[in-house]
Every structure is written in structure tokens, then in C-alpha cells.
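If you want the building blocks of each chain, they are given just below.
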Amino acid sequence: MQLYDDRKRRIGTLAGFKDRAVTRTLDSGDKELSFEYPADGGMVGLLKEEYYIRTKEDEFVLKAVEAGERYNKYTAALNVEELEGQSFPYGFASQEKAVRECLEFAFEGTGWTVGTCTVTKRRTIDMEEAATAWDVLQSCLSTYRCECEIDTLKKRVNIYERIGRDRGCYFVEGLNLRKLAATSDTYEFYTRIIPIGKDGITIEWLHGKEYLENHQYSSKVKTYTWKDERYTNTTSLMEDAEAKLEELSKPYKVYAADVADLAKANPEYKNILDYGIGDTVMMVSKHLRVREKQRIVKIVEYPEAPEKNTVELSNTTKTFAEVQKAETELAKNEA
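Residues numbered from 1 in each chain as written. Predicted model: local features only at pLDDT ≥ 70, side-chain atom pairs only at ≥ 80, totals over all residues. Heavy atoms only, no water.

Draft legend 1. Focus on the side chain of R123. Turning to its location among the elements, R123 is positioned in strand 11 (residues 122–127). Side-chain polar atoms of R123 contact the side chain of D240, separated by 2.9 Å. If sequence neighbours within four positions are ignored, R123 has contacts with S94, Q95, E96, K97, T143, Y144, Y231, S236, E239 and D240. (Helix = DSSP H or I, 4+ residues; strand = E, 2+ residues; numbered from the N terminus. Polar contact = N/O pair within 3.5 Å; in protein donor to acceptor, adjacent residues only side chain to side chain. Contact = heavy atoms within 4.5 Å.)

Take a look at the structure:
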């Protein structure tokens with residue numbers, strides 16, 4: 001790892017660290033770097049907050065130092081300072097624009113660009129409170145229901161409908177799945193949604209009914225009324241309501257898996273056991289009576305010890321319940 005000071009002047013190469021881990025999440029595209037370094041190490045005085053650490057793939061900003069008797073623990077965030085520094089003090093608005101056009105406007109003057117973009121639908125972003133370009137990016141990921149890859153070395157964001165693929169990988173007890181913990185709930189479970197947009201528009205004239213239904217899991221009728229003033233286009237309102245109901249109408253499931261990354265440890269397994277963020281993986285656990293496919297939504301990688309890697313899998317990248325909870329908490333804070 002290369003170390004730079006707060007003025008981006010190279011200090012040197014950092015060696016002698018241990019337990020380096022990179023955490024990547026699918027819902028935000030974000031990453032975090034953590035590692036330990038000897039408390040009496042030769043470069044300990046140069047590992048300061050707001051200094052930069054560069055790996056082969058990314059650049060990070062050192063944010064936290066936890067002093068210890070033998071080793072200090074360091075945590076660094078992905079370097080998106082230019083996006084965080086681009087401020088829109090009176091809010092940000094983009095009316096029925098494609099995500100590329102919206103983000104290019106938000107990124108203007110930051111040095112960041114939008115690279116690959118496979119999302120073409122048009123949506124409205126309406127952020128009434130002060131925001132940054134980073135906030136706009138996160139709002140776009142939620143509103144356009146898309147995913148991103150962030151390249152901090154080239155200062156580029158790639159936007160996709162969906163990251164990852166089903167490459168036939170599987171996690172199996174006795175092979176590469178050491179431990180699996182499962183959580184599921186239906187606290188935010190609905191089979192019917194009534195979407196309402198700006199000025200009370202509904203989908204009735206387009207759909208014939210004011211509501212949509214999805215009984216993929218249960219024949220129960222549980223109704224959710226979803227109001228969002230950003231929607232002036234009935235087709236967009238209906239499309240996004242269908243996507244939300246697809247998540248709401250089934251139990252929310254999360255699996256925390258302790259996985260031996262055999263593909264990195266042995267090239268012989270690369271074609272059958274390799275995986276990445278967003279990939280769909282078959283999980284097989286006799287103990288939990290699980291045999292199903294789920295997407296990888298979080299990965300903790302240990303570059304020097306891939307056998308310690310852990311992954312989190314779920315049937316949704318970010319649950320509608322989480323989005324609604326965040327919006328409710330925001331409304332409470334503004335009240």
C-alpha cells in the first residue's frame with residue numbers, strides 16, 4: 001500500500017501491516033479499508049487521519065486510529081472527497097432526466113465522470129435540503145433502482161441496472177461454507193400497493209385499478225399506500241410500484257456466510273467457486289435446511305488471507321422497509 005500525506009505527496013510504501021480487510025457493499029457501491037500496524041512501527045507517526053492510502057484498485061482516506069499496546073487499528077474510507085465537497089446548499093432537483101444526465105450535472109467541476117451507464121429510464125430527483133454530489137449519487141441509486149461501481153483512481157462512476165451475474169458458484173457445507181447464519185422476517189410485508197404521485201395521480205387509468213397485487217408468497221391481502229410527490233409520469237409510477245411490491249410481497253431474508261475463498265486459494269477452483277459483489281450464488285446447508293439462490297450484497301475480503309473472507313447474501317440489495325424507515329426518520333428529524 002502506498003501512503004500519501006494530506007497534500008497528496010507520496011511518503012512511501014507501507015509494509016508490516018496485518019489483518020488487512022476491504023469491505024464492499026452493493027447498495028451504495030462504497031468500500032472501507034481496515035488494517036493493523038505495530039504501535040512501535042517505523043511509519044506509525046505518518047499514519048495520520050486525512051492522509052491517503054492507495055492500493056492497486058482504490059484510494060482511501062484514513063479516518064480513524066484506534067491505539068493499542070502492540071498494534072494500532074486503522075480504518076479508511078473510499079476517497080470520494082470531490083463528490084462530498086460539491087455542495088448544493090439549497091437542495092438539488094432533476095426533472096424526468098436519465099441518470100447519466102442527472103449525475104453529469106451533479107458531478108460538474110469535481111473532476112469525476114460517469115463512465116459506463118446501462119440505465120436509460122427517466123426519473124425525478126427532488127432533494128429539498130442541502131446535499132452533496134455524493135448524496136445525489138446515493139439518491140439516484142435508490143430512485144432509479146440501479147447499482148454502481150466506483151473507480152477512485154480514474155474518478156469515474158459506472159452505472160448498471162444490476163451488477164454481478166450467476167456464474168454457477170455455490171457455497172456448500174463441508175466444502176467452502178464454514179458457517180451460515182440466517183435471518184428472515186415479514187414485519188414489512190404487503191401483497192397490495194396503492195401508488196400515488198404528484199397532485200394525487202394514480203395508476204387507475206393505465207392499469208384499470210388504483211392498486212397492484214403480488215401474491216408470490218401468500219394469498220393474504222395486505223395493503224400499503226405509497227405516496228411520492230416526485231412522480232408526475234404514471235408509467236414511471238407504475239413501474240416502480242411493481243418493483244417495490246416485488247420486494248414487499250416476500251419475506252426479507254439475510255444470510256451471513258463464513259466462506260473459504262477457494263477460488264483465490266487454489267486456481268483449480270477459479271471457474272466454479274469464484275464470486276464477486278452482486279453475484280447470484282447457490283447456498284446449500286443441511287444444518288439449516290437451505291438450498292436456494294441469493295445475491296451477494298456485502299463482501300469482507302482479506303487480501304492476504306482469503307480463507308477468512310465473509311459474505312452477506314440477501315433477496316434484495318436494500319429492502320423497501322429500510323428505505324421507508326430512513327425516509328420516516330428523516331421526516332421526524334425535519335419536523
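Now, onward.
Draft legend 2. Quick look at the sheet that holds strand 18 (residues 212–213). The three strands lie next to each other as 18-17-19, forming an open sheet whose pairing is mixed. Strands at the two margins of the open sheet, each flanked by one partner only, are strand 18 and strand 19 (223–227). Looking at chain direction, strand 17 (residues 192–196) and strand 18 are connected through two bridges and run antiparallel. When the sheet's bridge partners are listed, R192 is paired in strand 18 with E213. Against the sheet, helix 5 (residues 234–248) contacts strand 17, strand 18 and strand 19, and its axis sits at roughly 150 degrees relative to strand 17. (Pairing = 2+ DSSP bridges. Axes fitted to C-alpha atoms, helices over the stretch in contact; angles between N-to-C directions.)

Draft legend 3. Representation of the packing of aromatic side chains. The full count for this structure, using the stated rule, is eight aromatic pairs. Each ring, one from F88 and one from F92, has its centre 5.0 Å from the other, and the planes form 70 degrees; the classification is edge-to-face. As far as the burial class goes, F88 and F92 line up, both buried. Chaining the aromatic ring pairs together yields one cluster made of F17, F35 and Y74. For K8, the ring lying beneath its charged end belongs to Y52, and the centroid distance is 4.7 Å. Over the aromatic face of Y71 sits the side chain of K18, whose NZ or CZ is 4.0 Å from the ring centroid. (Phe/Tyr/Trp six-rings, centres within 6.5 Å; stacked < 30°, edge-to-face > 60°. Buried < 20%, exposed > 50% of the residue type's maximum accessible area, 1.4 Å probe, protein only. Lys NZ or Arg CZ within 6 Å of the ring centre and 35° of its normal.)

Draft legend 4. How the structure looks around the pairing of strand 6 (residues 59–66). Where strand 5 (residues 52–54) and strand 6 come together, three bridges link them in antiparallel fashion. What sits directly across from Y52, in strand 6, is V61. Hairpin connection from strand 5 to strand 6: four residues lie between these consecutive antiparallel strands. Pairing of strand 6 with strand 7 (residues 71–78) involves six bridges; the strand directions are antiparallel. Across the sheet, F60 pairs through a bridge with L78, a residue of strand 7.

Draft legend 5. Region of interest: the pattern of salt bridges. In total, this model carries 23 salt bridges according to the counting rule given. Of the charged contacts, one joins K308 and D19 as a salt bridge, the two residues approaching to 3.2 Å between their closest N and O atoms. Pair noted here: K308 is in the loop between strand 22 (290–301) and strand 23 (310–314) and D19 is in strand 3 (residues 18–25), with a separation of 289 residues, a long-range link. Judged by its relative accessible area of 35%, K308 falls in the partly exposed class. (Salt bridge = Lys/Arg side-chain N within 4 Å of Asp/Glu carboxyl O.)

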